[in-house]
Amino acid sequence: MPEVICDVSPIQYLHQAGLLDLLRLRYGAVTIPTAVAAELREGALRGVDLPAFEALDWIQIRQPAGRLLLPIVADLGAGERGVLTLGTETLDSLVILDDALARQYARMLKLALTGTLGVLLKAKEAGLLPALAPVLERLQHLGAAGVHDPVGHPVAVQALAVEERVHVAAGVLSHYLG
């Protein structure tokens with residue numbers, strides 16, 4: 001199983017939706033870079049509803065060994081840069097990112113990638129969630145990125161289909177082929 005490396009927003013949104021444990025149930029352990037740990041601590045101090053991640057034994061904090069060329073990417077936050085750096089340093093990794101620009105960089109770096117919506121889809125496929133619709137509504141209420149477009153039309157299914165197109169196609173095929 002790949003080492004799962006997660007950014008702040010998936011942890012925040014899953015926690016606020018009461019579903020943070022899906023990460024543990026789906027992946028076993030999750031690694032966060034030191035920059036993500038710092039952002040989580042800072043957010044909690046500012047009153048943002050974030051988990052006490054230090055008490056969760058399945059979340060591991062790791063400092064990236066190198067700096068690569070990611071510090072020159074000024075448009076990304078320290079957490080996203082940390083996730084991408086750890087992803088490039090780890091032979092078998094899966095990065096969990098919601099930020100659109102960070103996701104573009106992950107694709108350029110040829111990293112295995114998913115986001116909060118992909119985690120939810122996988123949890124649904126694994127039988128860990130009875131339904132996606134109520135969760136997507138809750139995430140929309142929380143302001144999660146990628147759940148609705150600027151006009152307010154649902155795009156979660158499109159995002160899930162693009163994100164996990166291989167798995168969606170396999171699920172459709174297995175449904176029809178029995």
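Residues numbered from 1 in each chain as written. Predicted model: local features only at pLDDT ≥ 70, side-chain atom pairs only at ≥ 80, totals over all residues. Heavy atoms only, no water.

## Notes on the overall build of the protein
Part 1: Within the protein one finds 9 helices and 5 strands.
Part 2: The secondary structure elements of the protein, listed N-terminal to C-terminal, are β-α-α-β-α-β-α-β-α-β-α-α-α-α.
Part 3: Contacts in the protein between residues far apart in sequence, at least 24 positions, make up 61% of those at least 6 positions apart. (Helix = DSSP H or I, 4+ residues; strand = E, 2+ residues; numbered from the N terminus. Contact = heavy atoms within 4.5 Å.)

## Here's the deal with unusual backbone geometry
Part 1: Despite not being glycine, Lys 110 has its phi angle at roughly 60 degrees, a positive value.
Part 2: Judged by its relative accessible area of 73%, Lys 110 falls in the exposed class. (Buried < 20%, exposed > 50% of the residue type's maximum accessible area, 1.4 Å probe, protein only.)

## Structural notes on helix H5 (residues 100-108)
Part 1: By the burial criterion, the buried members of H5 are Ala 102, Arg 103 and Ala 106. The buried residues of H5 occupy an angular sector of 100 degrees when the element is viewed end-on, so they sit on one face. Residues of H5 that are exposed and angled more than 90 degrees away from the buried face: Ala 100 and Met 108.
Part 2: A distance of 3.2 Å separates the backbone nitrogen of Leu 101 from a side-chain oxygen at the start of H5, and that oxygen is part of Asp 99.
Part 3: Looking one or two residues beyond H5, the residue adopting positive phi is Lys 110, at roughly 60 degrees. (Arc of directions from axis to C-beta. Polar contact = N/O pair within 3.5 Å; in protein donor to acceptor, adjacent residues only side chain to side chain.)

## Section: the packing of helix H3 (residues 34-45) against helix H4 (residues 78-89)
Part 1: Look at H3 against H4: their axes get within 7 Å of each other, and the N-to-C directions meet at 150 degrees. When the axis of H3 is compared with that of H4, the two are roughly antiparallel. Seen along the crossing, H3 lies across H4 with a hand that is left-handed. Of the residues in H4, those in contact with Ala 35, Val 36 and Glu 39 of H3 are Ala 78, Gly 79 and Val 83.
Part 2: Across the contact of H3 with H4, the residue classes tally to 4 nonpolar, 1 polar and 1 charged. (Axes fitted to C-alpha atoms, helices over the stretch in contact; angles between N-to-C directions. Parallel < 35°, antiparallel > 145°, perpendicular 65-115°, else oblique. Left-handed = near helix turned anticlockwise from the far one by under 90°. Nonpolar A, V, L, I, M, F, W, Y, C, P; charged D, E, K, R; others polar.)

## Quick word on the side chain of Thr 31
Part 1: Note on placement: Thr 31 falls in strand S2 (residues 30-33).
Part 2: Since its relative accessible area comes to 2%, Thr 31 is described here as buried.
Part 3: A distance of 2.8 Å separates a polar atom in the side chain of Thr 31 from a polar atom in the side chain of Glu 3.
Part 4: Setting aside its immediate chain neighbours within four residues, Thr 31 contacts Glu 3, Val 4, Ile 5, Cys 6, Gln 60, Arg 62 and Leu 86.

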